[in-house]
Amino acid sequence: MSLPERYAFIAEWYDQNAAIMRSYQLLYYASDNTVEMYDIKNRRIFLKRSKVENLCFEDLFIGGTINVHSRQLNLVEYADEFTKKQLSSKKEKTLAMIKPDAVAKFGAIIDMIYRGGFLIVNAKMTKLSRKDAEEFYQEHVQRPFFDNLVRFMASGPSIAMELMSNSAVTEWRRLLGPTDSSMARSEAPNSVRAKFGTDQTRNACHGSDAVATGQRETSFFFAAPGRWKNTAKFSESSCCVIKPSAVLEGNAGQIMMAIKEAGFEVSALQMFHLEKANAEEFFEVYKGVVAEFTEMVQELCSGPCFALEITGKGPNTANDFREFVGPADPEIARTLRPNTLRAKFGLNKIKNAIHCTDLPEDCQLEVEYFFRILAE
Ligand code: CMP
């Protein structure tokens, strides 16, 4: 695809020293992968046009986070009509929700999402109350199935996700298949509902029905993060982070499936995009101990990661999970422990697919770091 020359965005950066949000016009030149930035308030060039390592066209979307020379910038708006026109359908967003009947199969569903060409830009496991479900499905209030639907949606955790792709609304509905799971099995046997749905109401997943609905529904879950409590138990659990490079490779669904197949439960899940300071804080125990500390931090904040709370093996959870993750170096893992997660999904010592808590006594601290401190 030959890309037109220049895309313009409004980008925000939180300046921790001054404790203020700074706004920039960010110009991206697709032909040579360069970026130029203007400080909007001070009306001057902030960054002369220069190459930015690891940045690519796919990273540029509203709501996305990019790293420019160690600064983490949030893209908040298109800054010209050309960019808006070019990108709004290519980078369309929709809400996907894994409903309570299919949460046990979330790994396989997330794998279908990645294989279907979508990017997951936000995700959170939460439990809807009856009131939440009534509000979410308000347009169906007069329908005979409403009460049943609301009761079902409040019966257990769901996973809300914001998906992005070319024509995401239509494409996700196509991958979902017909509302009625039996009809899905006869008409679209490879669809999500054919594979994981039960009937008309317990149909595995939800998808927004139009672009405007997608905006309303993604805001419902992701514009008011404080409203949605996560489902972490903070007891007899371990912390697992699927690192950005494994997410970028599209392996997150496969890794989640492998974790379930090994007999573990995932009692909380959320996508995070860590700031460098948070990654340093999280990995603090390795500072001065592991030679690759700087690269480990860089990897952890290089893109979105999934944090999972692992349970399911009582007091043995932490040790069993660490065994299952395997040696830190995937090359060693492939030789000595070929069935471990790092042997299967790790690329090298830094991009080793998974972080898991090393010491059982640190498990609660790490689970709390993601699901209490960062999440709140
Ligand atoms: P969803 O995509 O979440 O949007 C509305 C939900 O209402 C739908 O999936 C089903 O769970 C439920 N639903 C829609 N039509 C019917 C029906 N005819 N009978 C029972 N439940 C339905």
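The rules behind the values
Residues numbered from 1 in each chain as written. Predicted model: local features only at pLDDT ≥ 70, side-chain atom pairs only at ≥ 80, totals over all residues. Heavy atoms only, no water. Buried < 20%, exposed > 50% of the residue type's maximum accessible area, 1.4 Å probe, protein only. Helix = DSSP H or I, 4+ residues; strand = E, 2+ residues; numbered from the N terminus. Arc of directions from axis to C-beta. Contact = heavy atoms within 4.5 Å. 1 Å grid on protein atoms, 1.4 Å probe; cavity = no way out; pocket = protein on both sides within 12 Å on 5 of 7 lines; lining within 4 Å. Points joined across faces, edges and corners; volume = space filled by probe spheres on them. Nonpolar A, V, L, I, M, F, W, Y, C, P; charged D, E, K, R; others polar. Core = buried A, V, L, I, M, F, W, Y, C linked by side-chain atoms within 4.5 Å. Domains from an automatic or database assignment. Phe/Tyr/Trp six-rings, centres within 6.5 Å; stacked < 30°, edge-to-face > 60°. Lys NZ or Arg CZ within 6 Å of the ring centre and 35° of its normal. Salt bridge = Lys/Arg side-chain N within 4 Å of Asp/Glu carboxyl O.

A. Spotlight on helix α5 (residues 168-176). Looking only at α5, the buried set comprises A168, V169, W172 and L176. All buried residues of α5 fall inside an arc of 100° around its axis, so they share one side. Looking at the buried residues of α5, the elements they touch are β7 (92-98), α2 (106-115), β9 (158-165), α7 (192-196), β10 (205-207) and α8 (211-222).

B. Looking closely at the layout of surface pockets. In this structure, the second largest pocket occupies an estimated 440 Å³ of space. Y137, H140, F145, T179 and N203 are, among the 20 residues lining the second largest pocket, the residues nearest its centre. Broken down by secondary-structure element, the contributors of at least two residues to the lining of the second largest pocket are β10 and α8. Split into classes, the residues belonging to the lining of the second largest pocket amount to four nonpolar, nine polar and seven charged.

C. Summary view of the nonpolar core. Counting residues in hydrophobic clusters, the biggest one holds 48 residues, and the most contacted among them are I242, I259 and F306. Top contributing element to this core by residue count: α2, with seven residues. The residues that make up this core include at least three from each of domain 2 (92-227) and domain 3 (238-374). In this view, I242 contacts V247, A252, I255, M256, C305, F306, L308, A353 and I354; residues no more than four positions away in its chain are not counted. By size, the runner-up hydrophobic cluster in this structure holds 23 residues, among which are V241, F282, C301 and F370.

D. Expanded view of the packing of aromatic side chains. Here the structure, examined in full by the defined rule, presents 22 aromatic pairs. Note on Y7 and F82: the rings are 5.9 Å apart at their centroids and 35° apart in plane angle, and the pair reads as tilted. Separated by 75 residues along the polypeptide, Y7 in strand β1 (residues 6-15) and F82 in helix α1 (residues 81-87) bring together distant segments of the chain. On the basis of relative accessible area, Y7 is assigned to the buried category, the value being 1%. For F82, a relative accessible area of 34% puts it in the partly exposed group. Summarising the aromatic geometry, the rings of F136 and F220 are spaced 5.4 Å apart at their centres and angled 50° between planes, so their arrangement reads as tilted. With a gap of 84 residues between them, F136 in helix α3 (residues 130-136) and F220 in helix α8 connect regions that are remote in the sequence. Take F136: its relative accessible area is 1%, and that puts it in the buried class. Judged by relative accessible area, which is 13%, F220 ranks as buried. One aromatic cluster in this structure is built from F272, F282, F283, Y286, Y369, F370 and F371. The ring centre of Y29 lies 3.6 Å from the NZ or CZ of R49, which sits over that ring.

E. Spotlight on the pattern of salt bridges. Going through the model one piece at a time under the given rule, you end up with 18 salt bridges. Across the pair R49 and E5 runs a salt bridge, and its minimum N-O distance is 4.0 Å. Of this pair, R49 sits in strand β4 (residues 44-51) while E5 sits in the segment before β1, and the two are 44 residues apart along the sequence. The class for R49 is partly exposed, based on a relative accessible area of 38%. Close ionic contact of R227 with E135 constitutes a salt bridge, the shortest N to O distance being 3.0 Å. Of this pair, R227 sits in the loop between α8 and β11 (238-242) while E135 sits in helix α3, and the two are 92 residues apart along the sequence. Under the relative-accessibility criterion, R227 is labelled partly exposed at 34%. One network of salt bridges, with partners in common, ties together R130, E134, D147 and R151.

Geometric values such as these leave the question of function open.
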